[in-house]
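Architecture and fold: a report
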Amino acid sequence: DAGVTQSPTHLIKTRGQQVTLRCSPKSGHDTVSWYQQALGQGPQFIFQYYEEEERQRGNFPDRFSGHQFPNYSSELNVNALLLGDSALYLCASSLSKRGAPRETQYFGPGTRLLVL
Amino acid sequence: QKEVEQDPGPLSVPEGAIVSLNCTYSNSAFQYFMWYRQYSRKGPELLMYTYSSGNKEDGRFTAQVDKSSKYISLFIRDSQPSDSATYLCAMRLFFGNEKLTFGTGTRLTIIP
């Protein structure tokens with residue numbers, strides 16, 4: 001049973017550029033959440049996608065956007081990169097359908113983004 | 001004030017010791033409580049998942065939730081060098097609200 005997968009594992013960009021990160025959820029999961037984890041900090045919630053729509057959003061600017069595909073995979077896009085966007089970006093998947101067992105989110109290994 | 005407070009450590013204990021990790025929180029509406037383990041340069045791995053107050057045990061790990069004190073704990077018995085990692089507490093408001101609010105993490109080292 002494949003867990004959550006993310007690509008790429010590492011990425012180096014320069015200020016002002018745009019980046020796209022990808023995530024495939026755990027088999028059977030239909031919901032994808034994205035988190036940003038700065039060095040030495042806990043993950044911060046960016047947003048969540050369910051049924052191809054953004055369902056919930058954290059305190060992040062509009063430069064951060066996302067998409068969910070019919071196969072439940074997801075992308076995180078960040079425009080106009082800033083030095084402060086350097087972090088580990090984590091994708092987490094879960095199951096939202098009514099009647100599903102109550103369980104929490106499972107995380108992927110993350111994509112480490114460095115903005116120079 | 002942060003919603004979830006966690007002592008960042010670092011915490012070093014000898015192998016075989018009992019480890020106690022703690023978090024406090026300010027939002028009494030949190031209902032679901034989790035502990036994740038994160039090895040260096042890896043994603044968080046779910047260890048324990050509890051709902052409301054009480055204790056939950058899984059092997060060497062015990063999670064405690066005291067909602068009246070807004071305090072949660074994770075105990076690790078017979079600690080092993082492989083337990084060396086950062087431990088993150090996380091909380092969620094209610095089923096359907098999937099946003100997890102994390103503590104900053106406690107860095108733990110088990111000394112052989």
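Definitions and limits used
- Residues numbered from 1 in each chain as written.
- Chains lettered and ligands numbered in written order.
- Predicted model: local features only at pLDDT ≥ 70, side-chain atom pairs only at ≥ 80, totals over all residues.
- Heavy atoms only, no water.
- Disulfide = S-S within 2.5 Å.
- Helix = DSSP H or I, 4+ residues; strand = E, 2+ residues; numbered from the N terminus.
- Buried < 20%, exposed > 50% of the residue type's maximum accessible area, 1.4 Å probe, protein only.
- Pairing = 2+ DSSP bridges.
- Axes fitted to C-alpha atoms, helices over the stretch in contact; angles between N-to-C directions.
- Contact = heavy atoms within 4.5 Å.
- Buried area = accessible area lost by both parts, 1.4 Å probe.
- Polar contact = N/O pair within 3.5 Å; in protein donor to acceptor, adjacent residues only side chain to side chain.
- Nonpolar A, V, L, I, M, F, W, Y, C, P; charged D, E, K, R; others polar.

Glancing now at the state of the cysteines. A complete count under the given rule lists two disulfides over all chains for this structure. Here Cys-23 of chain A pairs with Cys-91 of chain A through a disulfide, and the sulfurs are 1.8 Å apart. Its torsion about the S-S bond being -55°, the disulfide of Cys-23 of chain A and Cys-91 of chain A is classed as left-handed. Taken together, the residues Cys-23 of chain A in strand E3 (residues 19-24) and Cys-91 of chain A in strand E9 (residues 87-94) connect sequence positions 68 residues apart. The disulfide bridge from Cys-23 of chain B ends at Cys-89 of chain B, spanning 2.0 Å between sulfur atoms. Measuring the twist about the S-S bond at about -100°, one finds the Cys-23 of chain B-Cys-89 of chain B disulfide to be left-handed. Of the two residues, Cys-23 of chain B is situated in strand E3 (residues 19-25) and Cys-89 of chain B in strand E9 (residues 85-92); the sequence distance between them amounts to 66 residues. Here Cys-23 of chain B and Cys-89 of chain B have matching classes, each one buried.

It is worth spelling out the sheet that holds strand E1 (residues 4-6) of chain B at this point. Residues and elements named next belong to chain B. Read across the open sheet, the five strands follow the order E1-E3-E8-E7-E6; overall the sheet is antiparallel. On the outer flanks of this sheet lie E1 and strand E6 (54-58), each paired with one strand and no other. Within this sheet the neighbouring strands show an average axis-to-axis angle of 15°, counted without direction.

Moving on: the interface of chain B and chain A. Residue-level contacts link 22 residues of chain B with 23 residues of chain A. A buried area of about 1800 Å², summed over both sides, lies between chain B and chain A, and 52% of it is on carbon and sulfur atoms. Inspection of the region where chain B meets chain A yields three residue pairs in polar contact (both at pLDDT 80 or more). Counting only elements with at least two residues in the side of chain B that touches chain A, the list comes to strand E4 (32-38), strand E5 (45-51) and E9 of chain B. The leading source of residues in the side of chain B that touches chain A is E4 of chain B, at four residues. Taken together, the residues of the side of chain B that touches chain A break down into 10 nonpolar, six polar and six charged.

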